[in-house]
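Letter by letter, the chains look like this.
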Amino acid sequence: LRNVVVMLRSLQDDSILESIRPLLHHPNHRVSRETLKTLLHFHDEEAEEQVIREMENKNHEVRLNAIRLAGRSLSREILHKLIEIIVSPGFFSRDFEMKSAAVQALSEIGDVDVLPQLETVINSRNILRPALHNKFKQEIVRSMEKYPPSLVRPYLVRLAEGRGRIARQAGQLLKNIFGRQQ
């Protein structure tokens with residue numbers, strides 16, 4: 001059944017939505033997940049509301065899976081929830097996992113309006129978990145490759161002017177992106 005849902009999505013025909021919507025509540029988790037992915041693919045409001053509910057769930061795995069699916073959405077509310085995750089305090093390993101998934105989802109969405117918030121996080125410090133925070137900042141810089149090059153360039157240039165690993169990484173990304181375009 002899961003494979004049928006995948007095939008239906010590949011047809012790019014949104015007339016299937018009403019037919020597959022009941023599968024959101026299928027007892028097999030894989031079928032319900034694939035259905036949710038398909039509904040998100042077509043920007044279905046009910047699917048987006050479910051992702052938002054799951055992003056607010058207390059269960060870590062449910063939240064993490066919802067964040068990973070969020071990159072398929074164009075919902076402004078989901079976008080804002082993802083931003084809340086990356087700017088929220090906390091840097092234990094579970095927080096890092098959530099924040100990393102949120103950065104990945106944001107890069108999949110590709111909305112350049114998040115770049116100032118990403119830059120703010122990159123310029124921040126965490127005195128309790130500096131190594132983990134720096135690793136997170138590196139993931140943010142890496143994610144910038146997925147945004148439109150002309151719009152991400154000013155951020156990368158500012159970062160590359162700094163010192164340390166983040167500056168080197170931003171400089172290398174500038175070379176990779178703009179070296180290919182010339």
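Bear in mind that the values here come from a model prediction, so they are computed numbers and not experimental data.

Participant: Now, about the environment of L23: what can you tell me, with residues and values included?
Facilitator: Structurally, the position occupied by L23 is in the loop between α2 (17-20) and α3 (29-41). With residues up to four places along the chain from it excluded, the contact list for L23 reads L1, V5, V31, S32 and T35.

Participant: Describe helix α10 (residues 149-160), listing the residues and the values that go with them.
Facilitator: Inspection of α10 places V152, Y155, L156 and L159 among the buried residues, and these make up the whole buried set. Take α10 and look down its axis: the buried residues cluster within an arc of 100 degrees, on one side only.

Participant: Describe the nonpolar core, with residues and values.
Facilitator: Ranked by internal contacts, the top residues of the largest apolar core, which has 56 residues, are M55, L82, M144 and L156. With eight residues, helix α7 (residues 93-109) is the largest single contributor of residues to this core. With near-sequence residues (within four places) excluded, L156 lies in contact with V141, M144, A170, L173, L174 and I177.

Participant: With reference to specific residues and values, describe α7.
Facilitator: In this model α7 runs 24 Å from its N-terminal to its C-terminal C-alpha over 17 residues, within 8% of the 24 Å that 1.5 Å per residue would give. Those residues of α7 that sit buried are F96, M98, K99, S100, A101, A102, V103, A105, L106, S107 and I109. Buried residues along α7 sit against α5 (60-70), α6 (76-87) and α9 (130-143). Following α7 by one or two positions, G110 has its phi on the positive side, about 75 degrees.

Participant: Tell me about unusual backbone geometry, and please be specific about residues and values.
Facilitator: One non-glycine residue with positive phi stands out, namely Q12, at about 60 degrees. Residue Q12 is classed as exposed on the basis of its relative accessible area of 53%. Despite not being glycine, H43 has its phi angle at roughly 55 degrees, a positive value. Summarising the element assignment, H43 is placed in the loop between α3 and α4 (45-55). A residue is classified by how much of its surface remains accessible, and H43, at 39% relative accessible area, is partly exposed.

Participant: Outline the packing of α3 against α5, listing residues and values.
Facilitator: Interaxial distance between α3 and α5 falls to 11 Å at its minimum, and their mutual angle equals 35 degrees. For the pair α3 and α5, the sense of crossing is right-handed. In this structure, α3 contributes R33, L36, K37 and L40 to the contact, and α5 contributes N65, A66 and L69. Per-class residue counts for the contact of α3 with α5 are four nonpolar, one polar and two charged.

Participant: Give a detailed account of the packing of aromatic side chains, specifying residues and quantitative values.
Facilitator: Scanning the model with the defined rule gives zero aromatic pairs in all. Over the aromatic face of F178 sits the side chain of R153, whose NZ or CZ is 4.4 Å from the ring centroid. A cation over an aromatic ring shows up here: R158 above the ring of Y155, its NZ or CZ 4.9 Å from the ring centre.

Participant: I'd like a description of the pattern of salt bridges, backed by residues and values.
Facilitator: Across all of its chains, the model carries twelve salt bridges by this definition. With a shortest N-O distance of 3.8 Å, K37 and E34 are connected by a salt bridge. Taken together, the residues K37 and E34, both in helix α3 and three residues apart, mark about one turn of the helix. Residue class for K37 comes out partly exposed when judged on its relative accessible area of 22%. E97 is the partner of R68 in a salt bridge, and the nearest nitrogen-oxygen pair spans 3.9 Å. In this pair, R68 is assigned in helix α5 and E97 in helix α7, connecting sequence segments 29 residues apart. Taken together, the shared-partner salt bridges connect R2, R9, E34 and K37 into one network.

Calculation criteria
Residues numbered from 1 in each chain as written. Predicted model: local features only at pLDDT ≥ 70, side-chain atom pairs only at ≥ 80, totals over all residues. Heavy atoms only, no water. Helix = DSSP H or I, 4+ residues; strand = E, 2+ residues; numbered from the N terminus. Contact = heavy atoms within 4.5 Å. Buried < 20%, exposed > 50% of the residue type's maximum accessible area, 1.4 Å probe, protein only. Arc of directions from axis to C-beta. Core = buried A, V, L, I, M, F, W, Y, C linked by side-chain atoms within 4.5 Å. Expected span 1.5 Å × (residues − 1). Axes fitted to C-alpha atoms, helices over the stretch in contact; angles between N-to-C directions. Left-handed = near helix turned anticlockwise from the far one by under 90°. Nonpolar A, V, L, I, M, F, W, Y, C, P; charged D, E, K, R; others polar. Phe/Tyr/Trp six-rings, centres within 6.5 Å; stacked < 30°, edge-to-face > 60°. Lys NZ or Arg CZ within 6 Å of the ring centre and 35° of its normal. Salt bridge = Lys/Arg side-chain N within 4 Å of Asp/Glu carboxyl O.

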